Every structure is written in C-alpha cells, then in structure tokens.
Amino acid sequence: MNKNQQGELQLVVFRLKEQTYGIDIGHVLEIIRATDITAIPGAPAFVEGVINLRGRVIPVIDLAHRLGLAPISISENTRIIIVEVGGATAGMMVDGVSEVLRLSRESIQPPPPMVAGVSAAYLQGIALVDERLIILLDATRVFRQEEKEALQELARQVEERSAS
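Quick caveat: nothing in here was measured; it's all calculated off a predicted structure. (Residues numbered from 1 in each chain as written. Predicted model: local features only at pLDDT ≥ 70, side-chain atom pairs only at ≥ 80, totals over all residues. Heavy atoms only, no water.)

Trainee: Would you mind going over the overall build of the protein chain with me for this structure?
Mentor: Scanning the protein chain for helices and strands turns up three helices and 13 strands. The globule rule puts the C-alpha radius of gyration for 164 residues at 15 Å, and the 16 Å found for the protein chain is close to it. Viewed in the frame of its principal axes, the protein chain has a C-alpha envelope of about 55 × 35 × 30 Å. Burial statistics for the protein chain: of 164 residues in total, 46% are counted as buried. Summing over all exposed atoms, the protein chain offers an accessible surface of approximately 8400 Å²; the carbon and sulfur share of this is 46%. Distance between charge centres in the protein chain, computed from 16 positive and 21 negative side chains, equals 2 Å. (Helix = DSSP H or I, 4+ residues; strand = E, 2+ residues; numbered from the N terminus. Rg over C-alpha atoms; globule rule 2.2 N^0.38 Å. Buried < 20%, exposed > 50% of the residue type's maximum accessible area, 1.4 Å probe, protein only. Areas by Shrake-Rupley, 256 points an atom, 1.4 Å probe, with all protein chains shown as cover. Lys, Arg positive; Asp, Glu negative; His and termini not counted. Charge placed at Lys NZ, Arg CZ, Asp CG, Glu CD.)

Trainee: Help me out: how do you make sense of the packing of aromatic side chains in this one?
Mentor: For any pair of aromatic rings, the description rests on two quantities: the centre-to-centre distance and the angle between the ring planes. Across all of its chains, the model carries one aromatic pair by this definition. Ring centres of phenylalanine 14 and tyrosine 21 lie 5.8 Å apart, and the angle between their planes is 10°; on these two criteria the pair is classed as stacked. Across the pair, exposure class does not vary: phenylalanine 14 and tyrosine 21 are buried alike. (Phe/Tyr/Trp six-rings, centres within 6.5 Å; stacked < 30°, edge-to-face > 60°.)

Trainee: Whenever I open this one, the pairing of strand 2 (residues 19-24) confuses me. Can you help?
Mentor: The side chains of a regular strand alternate between the sheet's two faces. Judged by how many residues are buried, strand 2 sits mostly within the fold: five of six residues are covered. Alignment of strand 1 (residues 8-16) against strand 2, held across six bridges, turns out to be antiparallel. Across the sheet, valine 12 pairs through a bridge with isoleucine 23, a residue of strand 2. In sequence, strand 1 turns back onto strand 2 through a hairpin of two residues, with lysine 17 there showing a positive phi of about 50°. Examined bridge by bridge, strand 2 and strand 13 (residues 132-137) share three bridges and lie parallel to one another. The residue bridging tyrosine 21 from the neighbouring strand is isoleucine 135, located in strand 13. (Pairing = 2+ DSSP bridges.)

What follows is the structure, encoded as structure tokens:
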C-alpha cells in the first residue's frame, strides 16, 4: 500500500454494482473513459479485450465480472482504471470513479470472509469513511501470477499482429 509518514493510504475510489471500492493509487497509472474494446479470440475468459492507449496494447477486464458479480453495463460514467501489478499492465473496467481519498491506516479493518458477494481473497480490508463503507481491493490479488503472464503474452501477441 502507498504509505506516507503519518500512516495514511491514498486510494482511487470507484463504484461497482452499487458498492464503493478503493484501490491503492500506487498501482494506478491513469483513469480513462470507456473506449472501444476489441475482443480477442482465444483470450483468457476474464479478459474483455484490448484497447489501444497511445500506441500501447492494454488488456481490459470487467472488474465486476472478475469478482464474481454481474458484468458491467457500459454507460457514460464507465471508466477504465489502468493499473500495473507485478509487471503486468491491464485496464479494469468499473461503473465510475468518484475521487482520490486519503485515509489513515487505523480506519481499515480486516475483511470478513465475504463482502457484497466478493470473496475476501481479493480484499485488503474495509474502511468506514464519513458513514460510507469502502471495500479495499488488493490489486496484487486481483490477478494470479499465471494470469499476469497471460495478460503480458496477450498484449505482446496483439502488438506483433498489428505490426505485421
């Protein structure tokens, strides 16, 4: 997690299926509006497709679907959070991004076994901020190692195809 000398965390706060989530800003490269996603035949099931971000091929996942929730319905509020985790860069499609928030480490509690239908395996904790419950995703757990490798390989293959 991103820490400063006061023991604070800085999070990008976003919505998925009427729930509020946060992810460590240290993993976030940028946030973009949902754009045309190109489906890739043979891509891993958790990958929606790829986008071209300034000449770079970025695999995109529907984060709600990844967490076992109903897939996202794309709207004008839909955003893609570009993250880097364990050497893999990917886009996580979410229902909307609301803010960047600082909160103290003391305000975070361990996650119960299941929150809002999401397994604790993906969670870092839960924070109560001004009467809001924010579910903290652990970006390093959203993708297993073999999935990170599959994302990198997918991006490489698409770049090679488009170069030829």
